4 protein chains.
Amino acid sequence: MIVVMKVGSPEAEIEYVSKEFQSWGLSPEKIVGKHKVVLGLVGETAGLDPLQLQEISPWIEDVLRVEQPFKRASLQYRQGEYSEVAVATPNGVVMVGKHHPITVVAGPCSVENEAMIVETAKRVKAAGAHFLRGGAYKPRTSPYAFQGHGESALELLAAAREASGLGIITEVMDTADLDKIAEVADVIQIGARNMQNFSLLKKVGAQDKPVLLKRGMAATIDDWLMAAEYVLAAGNPNVILCERGIRTFDQKYTRNTLDLSVLPVLRNLTHLPIMIDPSHGTGKSDYVPSMAIASIAAGTDSLMIEVHPNPAKAMSDGPQSLTPERFDRLMQELSVMGKTVGRWTEMAVAV
Amino acid sequence: MIVVMKVGSPEAEIEYVSKEFQSWGLSPEKIVGKHKVVLGLVGETAGLDPLQLQEISPWIEDVLRVEQPFKRASLQYRQGEYSEVAVATPNGVVMVGKHHPITVVAGPCSVENEAMIVETAKRVKAAGAHFLRGGAYKPRTSPYAFQGHGESALELLAAAREASGLGIITEVMDTADLDKIAEVADVIQIGARNMQNFSLLKKVGAQDKPVLLKRGMAATIDDWLMAAEYVLAAGNPNVILCERGIRTFDQKYTRNTLDLSVLPVLRNLTHLPIMIDPSHGTGKSDYVPSMAIASIAAGTDSLMIEVHPNPAKAMSDGPQSLTPERFDRLMQELSVMGKTVGRWTEMAVAV
Amino acid sequence: MIVVMKVGSPEAEIEYVSKEFQSWGLSPEKIVGKHKVVLGLVGETAGLDPLQLQEISPWIEDVLRVEQPFKRASLQYRQGEYSEVAVATPNGVVMVGKHHPITVVAGPCSVENEAMIVETAKRVKAAGAHFLRGGAYKPRTSPYAFQGHGESALELLAAAREASGLGIITEVMDTADLDKIAEVADVIQIGARNMQNFSLLKKVGAQDKPVLLKRGMAATIDDWLMAAEYVLAAGNPNVILCERGIRTFDQKYTRNTLDLSVLPVLRNLTHLPIMIDPSHGTGKSDYVPSMAIASIAAGTDSLMIEVHPNPAKAMSDGPQSLTPERFDRLMQELSVMGKTVGRWTEMAVAV
Amino acid sequence: MIVVMKVGSPEAEIEYVSKEFQSWGLSPEKIVGKHKVVLGLVGETAGLDPLQLQEISPWIEDVLRVEQPFKRASLQYRQGEYSEVAVATPNGVVMVGKHHPITVVAGPCSVENEAMIVETAKRVKAAGAHFLRGGAYKPRTSPYAFQGHGESALELLAAAREASGLGIITEVMDTADLDKIAEVADVIQIGARNMQNFSLLKKVGAQDKPVLLKRGMAATIDDWLMAAEYVLAAGNPNVILCERGIRTFDQKYTRNTLDLSVLPVLRNLTHLPIMIDPSHGTGKSDYVPSMAIASIAAGTDSLMIEVHPNPAKAMSDGPQSLTPERFDRLMQELSVMGKTVGRWTEMAVAV
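Please read all numbers here as calculations on a predicted model, not as lab measurements.

1. Details of the interface of chain B and chain A
- Between chain B and chain A, the residue contacts involve 46 residues of the former and 46 residues of the latter.
- Taken together, the two surfaces of chain B and chain A that pack against each other cover about 4000 Å², and 49% of this comes from carbon and sulfur.
- Sorting the residues of chain B by area buried against chain A places Gln52, Glu55 and Tyr144 of chain B first, and these three jointly supply 15% of that buried surface.
- At the junction of chain B and chain A, the tally comes to two salt bridges.
- Notably, a salt bridge pairs Asp223 of chain B with Arg247 of chain A, separated by 2.7 Å at the nearest N-O pair.
- Joining chain B to chain A, the criterion identifies 20 residue pairs in polar contact (both at pLDDT 80 or more).
- Sorting the residues of the side of chain B that touches chain A by element identifies α2 (50-54), α6 (198-205) and α7 (221-233) of chain B as the ones contributing at least two each.
- Within the side of chain B that touches chain A, the residues separate by chemical class into 17 nonpolar, 13 polar and 16 charged.

This is the structure we're talking about:
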């Protein structure tokens, strides 16, 4: 930590502040600049809050953090080695990570009925997807909108898993539902709106299934990695980060702004695998293919694509869902791009 | 709803779309414009999703909603009459609403120990506050930061309530904790990070204590009112909306951007009472007084101010907390402003 | 400046970096932390760019600026003394600044014809305004919208000045128009869209008339003060800062988000006088009065209010303009608030 | 336009509003909905401002635009045919557009001296670039930072053009400098900060050289296309749109957020060619390559990349500049991606 004293700080105050920091077990080193005095704090500062330190004296102008606030999520924590998440699915273990082929998650926003989810699972499996997504519990802006079929949808997901061999990714919204979701899901999703639901983060961190952590609508990179840190600190090392668009000043043509620069940025900061969701990221099915292709070009480890057998009749998120036919074509396009970057296998899954 | 067809839409497609809407029980009325055809949909459209309607045909360019998405939260729902929230406290019933004197909530970010919370309660009571705030469960960006004392802090809040007679406002973060919090709290707070934790909203909506709903960091006015709608639709009519700053592109000098224009905007849209939290809204105690005063001038019903007996030693949010002395002075300043706008009583609470 | 070296930086690299800084005339002081080494740079660093310094070595993780980037605009530059801008008007000198009564600028968005601008001038003068605003050159989003009457409108402003005795504030958009505008205007406005039109800033800085500098739609506080610094550095000390709302993620009910927290923030940073424009800040006349009143409560030095004799027929910005009748009433409301804060004179102008 | 009347609007008011619109030459068609009445306005509405219409009556709740605000920039204006911009360079005509190979613009932020600009031009030409960028007039946040060598730099650009055969792209900041810049430049750049400098837009629209229009930091897609409309309406059809990152809430790791979704969005809206600038878009040279590659995958027509012979000593924008060696490698990577999407020629320029 670097403590910047205001111009004209009395010598006595600087002394006082230094002593105060010493009493906290830190060694303050003083640098007398042309206009200002700064104190470099040497010691265990990771747990300290810069804003808190600033309260010690009204003569402190600013406190600058030199260390990153996240530890277990940092690339340094693993000495620069990227982690991988291994997911056991009926079709075999699927590896998600920088040194593995790209994995594709596909499926509808919500599980609507058995026929539709089983059909969709088979279709996306045939097209080459590795995981089925499908919501049992749905976070909806309106209380009057379809809220998901809940517990009964979990059984339908289990049926689709059985029928297709695909791993299941589904969202948890309430700590009370976690156990029953974890029985069916191969990966548990934390949605954007719950990215800072810390109770939920702690609880998914205390169980074994891998966690897909979506970025919050207004979450900075640091906020996001700190949310991952909650899961990691609670004991679960298997976290996948999923970018799904952020909220900006322009929402006329896209629901969110898909931030693909997270790919090179996160690679510098964290060892965790990365997924991109261009369906939520743009909110419009027309825009999904080019953003999916660009994600592979920019280095993503995984993609999440909404697919619905009949988007016009979907109970949620129809406008951003691809038809199975369009998804088939997209998988062909993705395979071309995946091969260009050397990260595609026709059969990524050992049957 | 208004459906805008693309330029050059074939007549047959317009027919098809119209028939489709008729099959949904809606009456589409066609307007042939100079370049485009639009269909006005007459009927029960409140539950429909504009994005969903758009999926009916690729020739639909846009679907515009004419109705507000919220119902129970709307001012029209109460024929233009503003609602009030009555809170029973040991000191008597405190009314929060547009036709009542301004109420003030004060207290520390976290409950740290019995002495500090009881002392603070007495101090802010003496200064004229109506409610004590204090966190038992704390949402913190870092898992390594102080997370609140949890259940044991609830007992300390009960002691402070007893000692001061003030009503208690404290935050719930997990549906599992709601019952025990509701035993102590007079008003239950939903924090900004949980504004779209819909499980939690439904659950606080299904109990009796009034709910303080903080605006999410990137929540639009509509998002916020729809979150209130969750509570109202679940049966609890006692919701207070609390603005606490939004996230914008500039976070150097203030943590958030306090959006005081919500005051006139919400008055046009909703009957619910409004509170402003300049402590979180600015993140810096220096900026709290002028923003608190401005809030009263702009018409707020209530204020939430962080006060800590020793901000420099606070376990959370020290930088935005006032000392009890500064709070005393602020209450004097607020009383001048409150009298100017005709909404101040020296003893707002019937003892 | 503080230079933070990456974890594991080789000693030789730290040496190299230190030598490099010495060759720039700076004294680097090394602090060896628990994980990282930081270098404090002592010397003349104000003109240096932190990003530039970072390029010296790939082992530099970050460069943190300790000094503010602005000088002449800073409060320290005037040893904590706030500046005032004196404007000579036909009615006498009007002082704008923290130690003077609040000044009010009123008038239409655009000058439409002689009758309307002269009538408006007289009306707002009678209501107590000190300056007349009115656009001759108008920045419009669409090339097909009314662009202002240009040079001929300047004559009409001169006539309104003569008729009312009010000082004139009007916008310059092109360096080529500055001289003729300066002949008529008492204060020259730089609009939000030109806040970083540096050619224009230099040119208004090189002439004598006071400058009203509107904040850009996405300008940080630092950007804004650096724009002021351009004018000050070019030799013109008479700059008034005008907040007019920033662009955020919610534009449904207000065109911009009026950031009233600039009032306490700027007071800590700069000596320059501050004006608030709630008309552009909200974009809707309904919301103007409460935000104007709140601005006074929060400490503004001045207000800019759009007034039009017939908003429904205004050639631009009608929706945010008050009628003269509503403005009369607002001035009564403002006088109550102005007296409460001790900054109102019925006749602020010496005739 | 669609006019939405408030719930409970008196019949007489609806009559009045309808008559008013008729007097404007529009035909209002009334639709009586379940709760509200809406009026569809048929006629020439493109030049009308929805906010203005709303002023006609306090009973009007909202006015919704059905038409796009831009005309000449729209894809419909050219019946769905994409335009191309032909630039005459010493090496031959370079075509920029959707049906042409990808073009690459490279070079330093600022022209520093003859040797550096000529050397850089030759290097980037050898690597395959089609245009040289280099600033003579530089928009800098600080008045104390290097402002560009101005007119003398134009001569150096002419020398680099001569030596390399590359076309020159350089920025104009002031209408007064346009003529001399147009003598040297093959494409004239409008920078992000001047995107709504309407005087400048009109003036570059009134001359013959193609215009590169950078997106403003907080410009919506509509704002950007309306800025292009200014140039087109003034008579210059040769406009290239350049995305360079927008300002969002997170600026810690990237200076801006590069919005690659503009690629599919703009393709649906406009016929104009598109360029992506990942150097400004990210602000950090490390992140440029992956974003450049992703831009090609997502369908860009052109790229702008900052290259400097010695980024650590660059007078501006060093941190985001590639070394010539890194640029050589990037061009190899881009050629792989360009061939994958079928838009790359080793010799894109006819000599």
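2. Structural notes on the pairing of strand β10 (residues 187-190) of chain B
Residues and elements named next belong to chain B.
- Where burial is concerned, the two faces of β10 agree: the one with Val187 and Gln189 and the one with Ile188 and Ile190 are both buried.
- Across three bridges, the pairing between strand β9 (residues 167-171) and β10 is parallel. Among the inter-strand pairings, Ile169 is bridged to a residue of β10, identified as Val187.
- Each parallel crossover has a hand, and for β9 linked through helix α5 (residues 178-184) to β10 it is right-handed.
- Bridge count between β10 and strand β11 (residues 211-214): three bridges; the pairing is parallel. Its bridge partner lying in β11, Gln189 is registered against Leu212.

3. A short note on the side chain of Lys36 of chain B
- In this structure, Lys36 of chain B sits in the loop between β2 (27-32) and β3 (37-42).
- Ignoring any residue separated from it by four or fewer positions in sequence, one finds Lys36 of chain B in contact with Val4, Met5, Val7, Ile31 and Glu61 of chain B together with Val66, Glu67 and Gln68 of chain D.

4. Description of the confidence of the model for chain A
- Across chain A, pLDDT averages 92, with 98% of residues at or above 70.
- In the predicted complex, the global pTM is 0.93; the interface-specific ipTM is 0.92.

5. Focus: the interface of chain B and chain C
- Chain B puts 38 residues into the contact, and the matching count from chain C is 38 residues.
- For the pair chain B and chain C, the summed buried area comes to about 2900 Å², and 68% of that belongs to carbon and sulfur atoms.
- By the criterion of area lost to chain C, the three top residues of chain B are Phe249, Tyr253 and Tyr287 of chain B, representing 21% of everything that side buries.
- Counting the contacts that link chain B with chain C gives four salt bridges.
- Across the pair Arg215 of chain C and Asp250 of chain B runs a salt bridge whose closest N-O atoms are separated by 3.9 Å.
- Taken together, the elements giving at least two residues each to the side of chain B that touches chain C come down to α7, α8 (262-269), α10 (288-298) and α11 (324-340) of chain B.
- When its residues are assigned to classes, the side of chain B that touches chain C shows 22 nonpolar, nine polar and seven charged.

Conventions used here
- Residues numbered from 1 in each chain as written.
- Chains lettered and ligands numbered in written order.
- Predicted model: local features only at pLDDT ≥ 70, side-chain atom pairs only at ≥ 80, totals over all residues.
- Heavy atoms only, no water.
- Contact = heavy atoms within 4.5 Å.
- Buried area = accessible area lost by both parts, 1.4 Å probe.
- Salt bridge = Lys/Arg side-chain N within 4 Å of Asp/Glu carboxyl O.
- Polar contact = N/O pair within 3.5 Å; in protein donor to acceptor, adjacent residues only side chain to side chain.
- Helix = DSSP H or I, 4+ residues; strand = E, 2+ residues; numbered from the N terminus.
- Nonpolar A, V, L, I, M, F, W, Y, C, P; charged D, E, K, R; others polar.
- Buried < 20%, exposed > 50% of the residue type's maximum accessible area, 1.4 Å probe, protein only.
- Pairing = 2+ DSSP bridges.
- Right-handed = clockwise from strand over helix to strand, strands pointing away.
- pLDDT = per-residue confidence, 0-100.

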